[in-house]
Amino acid sequence: MRIGLLTDGGYPYATGESGLWCDRLVRGFAQHEFDLYALSRSAEQEARGRVPLPAQVGRVRTAPLWAADENVLGTRVPRGLLARLVTGGSTRPYGRRERQRFTTHFTALAASVCAAHAANGEDEEAGAGAGGPGGAGRTAAADARFTDALYGLAELAREHGGLTAALRSETVVRVLEAACRAPGAGRTVRAATVSDLLAFARELDRALRPLSLDWYDEEGLGAVDLCHATSGGAAALPGLLAKRFFGVPLLVTEHGVQLRAHYLATSGTPLNAPVRALLAAFHGRLATEVYRQAAIVTPGDTRARRWQERCGAEPAKLRTVHPGMESERFAALGESGDSGPDDTLVWVGRIEPGKDLVALLHAFAEVRKAEPGTRLRIVGAPARGPADTGYLAHCRALAAQLFPDEAVDAHAVGDNPVSFEDLGGAEVPDLPDAYAAGGVVVLSSVVEGFPAGLVEAMFCGRATVSTDVGAVVEVIGGTGLVVPPRNPRALADACLALLRDPERRARLGAAARARALELFTVEQNLAAFRGIYLELISHAPVRGAAPAVDAHGGPRPFATPPEAHVLGLGPWTAPGPAPAATVCRTPSWAAAPRAVCAGARGAGGGDA
């Protein structure tokens with residue numbers, strides 16, 4: 001099987017948990033071929049270079065979403081002065097018909113985005129919301145306008161060298177201004193100034209840049225058997241077009257919902273309210289279309305699943321697949337049966353405001369009142385920026401204020417019961433050493449997605465005290481104590497209960513390790529995706545003949561499609577590619593009732 005792996009701001013650049021998950025996935029399927037299609041988010045990310053790739057990665061194609069220059073690597077616009085002079089390139093604008101097509105499609109897209117803000121019920125003047133009379137109908141109509149416009153722009157970009165110049169034209173601002181002033185637009189949108197429209201146009205140019213890439217041909221995404229998008233949003237856009245143009249099935253995996261991440265990211269930016277409203281509407285429409293076209297969507301936890309259902313994902317398409325994590329590095333500590341020291345709490349993670357170490361320090365002050373000999377070890381990963389560095393300095397100052405250095409007499413050097421240690425340093429060289437340092441592992445976050453650090457502590461057989469945020473309750477089950485966030489007293493009481501009861505800590509630690517080994521290992525993650533890949537490819541067989549053995553002489557999976565043994569299905573198994581404009585990849589007996597051929601223009605794509 002040939003899989004097109006679509007990433008956004010991650011693999012093969014990222015070294016964090018997202019990049020590790022993709023790397024484990026690729027390395028776990030050595031019998032398949034992977035083509036990587038990666039969108040990068042910053043020059044710094046690209047400068048750090050790529051992680052080593054395994055042999056099953058056939059090609060890597062990348063494109064930046066951060067560059068402002070229209071002549072970026074991977075777009076369809078010719079690069080260099082000579083190329084532009086020879087081909088016309090970006091020096092030649094669209095012809096009259098192309099400009100008219102662009103204006104028509106972009107007008108429909110802008111109208112749907114402005115209507116989306118009103119349909120969400122955020123503006124009383126705009127009429128009934130999505131839940132009121134006629135609201136659902138208006139939302140469905142706006143969805144249809146959005147999808148028709150999106151695919152219309154994609155076809156224009158594919159036929160005429162991209163959208164880069166058109167998206168930066170004066171036409172875009174005029175169309176956006178008219179859409180914002182049109183009847184039915186929300187009050188926030190109507191207040192948009194020219195500066196706001198220009199800011200939204202810049203963001204929209206980045207968001208739609210995947211439409212202008214040169215990935216959509218028979219040698220690119222048309223040659224893969226399956227597109228696997230590792231997130232929604234921009235990463236899934238190439239998958240939408242691969243399905244539209246070639247009928248390639250789309251699988252979407254979201255450990256953290258991209259739409260929610262967008263909401264959180266824009267809330268802390270200097271963008272004005274109209275720009276945030278327009279961006280939220282655009283990304284909401286895009287998420288709805290991604291979930292509609294995806295054959296299967298795999299959320300990483302129940303919280304992500306609820307977000308996806310709220311955005312229109314059909315429950316029948318959703319399969320919760322927890323992220324797989326390496327358990328072997330923690331095996332020695334987990335199997336030792338040691339419940340850890342009775343007098344030490346340990347916190348492990350990246351020090352940033354969302355981790356709420358301030359509440360943890362105040363909780364530890366209450367613990368020290370009840371158990372004066374207790375210590376707190378804070379083991380942090382390197383800071384990622386000035387904000388994290390400043391927060392660490394603030395926490396150090398608070399610890400010094402709450403816990404003055406203690407000394408046994410006037411001639412001794414004082415010692416603070418709270419220590420800030422660097423992961424990878426002399427005292428804590430590796431993660432197992434960090435978890436071994438404490439009898440209770442504490443998570444004090446106010447914002448959390450899938451708590452990877454909590455799973456690591458469970459692999460180590462450690463009892464845990466956590467705040468009820470993100471997917472914590474789903475991960476921990478009944479194997480640890482969970483308290484409300486921003487409640488130092490409750491956090492202190494839970495820590496004291498475990499510190500004072502070694503037998504209970506041992507029972508909870510053993511149960512936590514058993515749960516983690518059952519649900520959160522790399523093996524269970526690969527087993528789940530192995531079944532999903534087989535299911536999807538069985539409904540979308542490959543076109544053309546494939547060699548029966550691989551490069552090493554072993555049997556090649558799916559070399560002979562199962563329908564090759566069925567009489568009367570010759571066109572599906574005949575050598576050579578089938579015309580993309582007239583033939584669906586999925587045979588009629590395997591298609592959904594409303595499936596549409598990939599080449600049917602203007603139909604909005606087939607329902608998965």
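Residues numbered from 1 in each chain as written. Predicted model: local features only at pLDDT ≥ 70, side-chain atom pairs only at ≥ 80, totals over all residues. Heavy atoms only, no water.

Caption draft 1: Spatial organisation of the overall build of the chain. Broken down by element type, the chain carries 23 helices and 12 strands. By the burial criterion, 51% of the 608 residues in the chain qualify as buried. Look at the contacts in the chain between residues 6 or more apart in sequence, and 72% of them connect residues 24 or more apart. Here the chain has roughly 25900 Å² of accessible surface; of this, 55% comes from carbon and sulfur atoms. (Helix = DSSP H or I, 4+ residues; strand = E, 2+ residues; numbered from the N terminus. Buried < 20%, exposed > 50% of the residue type's maximum accessible area, 1.4 Å probe, protein only. Contact = heavy atoms within 4.5 Å. Areas by Shrake-Rupley, 256 points an atom, 1.4 Å probe, with all protein chains shown as cover.)

Caption draft 2: A look at empty space enclosed by the protein. Inspection of every chain in the model, using the stated rule, returns one cavity of 30 Å³ or more. Around the largest cavity sit Asp-356, Ala-359, Ser-444, Thr-467, Pro-484, Arg-486, Asn-487 and Leu-491, which together line it. For the lining of the largest cavity, the residue count by class is three nonpolar, three polar and two charged. (1 Å grid on protein atoms, 1.4 Å probe; cavity = no way out; pocket = protein on both sides within 12 Å on 5 of 7 lines; lining within 4 Å. Points joined across faces, edges and corners; volume = space filled by probe spheres on them. Nonpolar A, V, L, I, M, F, W, Y, C, P; charged D, E, K, R; others polar.)

Caption draft 3: Representation of the side chain of Asp-35 in the model. The topology assignment puts Asp-35 in strand S2 (residues 33-40). Look at Asp-35 and you get buried, because its relative accessible area is 2%. Looking at Asp-35, its side chain comes within polar contact range of the side chain of Arg-2, at 2.8 Å. In contact with Asp-35, other than residues within four places in its own chain, are Arg-2, Ile-3, Gly-4, Leu-5, Gly-58, Arg-59 and Val-224. (Polar contact = N/O pair within 3.5 Å; in protein donor to acceptor, adjacent residues only side chain to side chain.)

Caption draft 4: Geometry of helix H21 (residues 502-519). With 18 residues, H21 extends 26 Å between its outermost C-alpha atoms, agreeing within 8% with the 26 Å of an ideal straight helix rising 1.5 Å per residue. Taken residue by residue, H21 has Arg-505, Leu-508, Gly-509, Ala-512, Arg-513 and Ala-516 as its buried positions. Axial view of H21: buried residues confined to an arc of 140°, hence all on one face. Away from its buried face by more than 90 degrees, H21 exposes Glu-503, Arg-507 and Glu-518. (Expected span 1.5 Å × (residues − 1). Arc of directions from axis to C-beta.)

Caption draft 5: Examining unusual backbone geometry more closely. Residues Tyr-11 and Pro-12 are joined by a peptide bond in cis, for which omega reads 10°. Tracing the backbone shows Pro-12 in the loop between strand S1 (2-8) and helix H1 (17-28). Phi is positive for Asp-356, close to 50°, though the residue is something other than glycine. Turning to its location among the elements, Asp-356 is positioned in the loop between strand S7 (344-350) and helix H15 (357-370).

Caption draft 6: Geometry of the sheet that holds strand S4 (residues 226-229). Taken in spatial order, the six strands line up as S3-S2-S1-S4-S5-S6 in an open sheet, and their pairing is parallel. Two strands close off the open sheet at either side, each with one partner strand: strand S3 (57-64) and strand S6 (296-299). Averaged over neighbouring strand pairs, the angle between their axes works out to 15° when direction is ignored. For S1 and S4, the ladder comprises four bridges, and the chain directions are parallel. The residue of S4 that forms the bridge with Gly-4 is Cys-227. The strands touched by helix H13 (residues 302-310) within the sheet are strand S5 (250-254) and S6, with S6 carrying the most contacts at an inclination of about 140°. (Pairing = 2+ DSSP bridges. Axes fitted to C-alpha atoms, helices over the stretch in contact; angles between N-to-C directions.)

Caption draft 7: Quick peek at the sheet that holds strand S12 (residues 481-483). Ordered by their spatial adjacency, six strands build an open sheet running S9-S8-S7-S10-S11-S12, and the pairing between neighbours is parallel. A single partner strand is all that each edge strand has here, and the edge strands are strand S9 (418-422) and S12. For this sheet, the mean inter-axis angle between neighbouring strands, taken without regard to orientation, is 20°. Looking at chain direction, strand S10 (residues 440-443) and strand S11 (residues 463-467) are connected through four bridges and run parallel. What sits directly across from Leu-443, in S11, is Ser-466. With respect to the sheet, H15 is in contact with S7, strand S8 (375-381), S9 and S10, its orientation differing from that of S8 by roughly 165°.

Caption draft 8: Structural detail: the confidence of the model for the chain. Confidence in the prediction of the chain, expressed as mean pLDDT, is 82, and 77% of residues score 70 or more. Between residues 118-136, whose pLDDT stays under 50, and residues either more than four places distant or in other chains, the model counts 29 contacts. Taken together, the stretch residues 570-608 has pLDDT below 50 and engages in 82 contacts with residues farther than four places along the chain or on a different chain. (pLDDT = per-residue confidence, 0-100.)

Caption draft 9: Representation of the packing of aromatic side chains in the model. Per the stated rule, a full pass over the model turns up 12 aromatic pairs. Taken together, a centroid distance of 6.2 Å and an interplanar angle of 65° make the contact between Tyr-216 and Phe-245 edge-to-face. You can see Tyr-216 sitting in the loop between helix H9 (194-207) and S4 and its partner Phe-245 sitting in helix H10 (residues 237-246), a full 29 residues away along the chain. When its relative accessible area of 3% is taken as the criterion, Phe-245 is described as buried. Measuring from ring centre to ring centre gives 6.3 Å for Phe-529 and Tyr-533, while their planes differ by 45°; the resulting arrangement is tilted. (Phe/Tyr/Trp six-rings, centres within 6.5 Å; stacked < 30°, edge-to-face > 60°.)

Caption draft 10: Geometry of the environment of Asn-416. Along the chain, the position of Asn-416 falls in the loop between helix H16 (386-402) and S9. Residue Asn-416 is classed as buried on the basis of its relative accessible area, which comes to 15%. Taking the C-alpha atoms as reference points, Asn-416 and Arg-375, 41 residues apart in sequence, are found 8.7 Å from one another. Look past the residues within four positions of Asn-416 in its chain and what remains in contact with it is Arg-375, Ala-399, Ala-400, Phe-403 and Asp-405. Within the structure, Asn-416 has its side chain in polar contact with the backbone oxygen of Phe-403 (distance 2.6 Å).

Caption draft 11: Region of interest: the packing of H9 against helix H12 (residues 273-293). Contact geometry of H9 with H12 gives a least axis separation of 9 Å together with a crossing angle of 30°. When the axis of H9 is compared with that of H12, the two are roughly parallel. The handedness of the crossing between H9 and H12 is right-handed. Across the interface between the two elements, Asp-196, Ala-199, Phe-200, Glu-203, Leu-204 and Ala-207 from H9 touch Pro-274, Val-275, Leu-278, Leu-279 and Phe-282 from H12. (Parallel < 35°, antiparallel > 145°, perpendicular 65-115°, else oblique. Left-handed = near helix turned anticlockwise from the far one by under 90°.)

Caption draft 12: Summary view of the packing of helix H7 (residues 170-181) against H9. Look at H7 against H9: their axes get within 10 Å of each other, and the N-to-C directions meet at 115°. Classified by chirality, the crossing of H9 by H7 is right-handed. Mapping the contact onto sequence places Val-172, Val-173, Leu-176, Glu-177 and Cys-180 in H7 and Leu-197, Leu-198, Phe-200 and Ala-201 in H9.

Caption draft 13: Seen up close, the nonpolar core. Among the nonpolar cores identified, the biggest contains 76 residues, and Phe-102, Leu-163, Leu-211 and Leu-221 are the most heavily contacted of them. Broken down by element, this core gets its largest block of residues, 10 residues, from H12. Contact partners of Leu-211, with chain neighbours within four places excluded, come to Leu-150, Leu-153, Ala-154, Ala-157, Leu-163, Tyr-216, Leu-237 and Leu-241. Leu-357, Ala-363, Phe-364 and Ala-490 belong to the second largest nonpolar core, which has 34 residues in total. (Core = buried A, V, L, I, M, F, W, Y, C linked by side-chain atoms within 4.5 Å.)

Caption draft 14: Layout of the pattern of salt bridges. The full count for this structure, using the stated rule, is 24 salt bridges. With a closest N to O distance of 2.4 Å, Asp-143 and Arg-285 form a salt bridge. You can see Asp-143 sitting in helix H5 (residues 135-159) and its partner Arg-285 sitting in helix H12, a full 142 residues away along the chain. Judged by its relative accessible area of 7%, Arg-285 falls in the buried class. Put simply, Asp-430 and Arg-329 hold a salt bridge, and the shortest N to O gap is 2.8 Å. With Asp-430 in the loop between S9 and helix H17 (431-436) and Arg-329 in the loop between H13 and helix H14 (331-336), the pair connects residues that are 101 residues apart, well separated along the chain. Asp-430 gets classed as partly exposed once you look at its relative accessible area, which sits at 32%. (Salt bridge = Lys/Arg side-chain N within 4 Å of Asp/Glu carboxyl O.)

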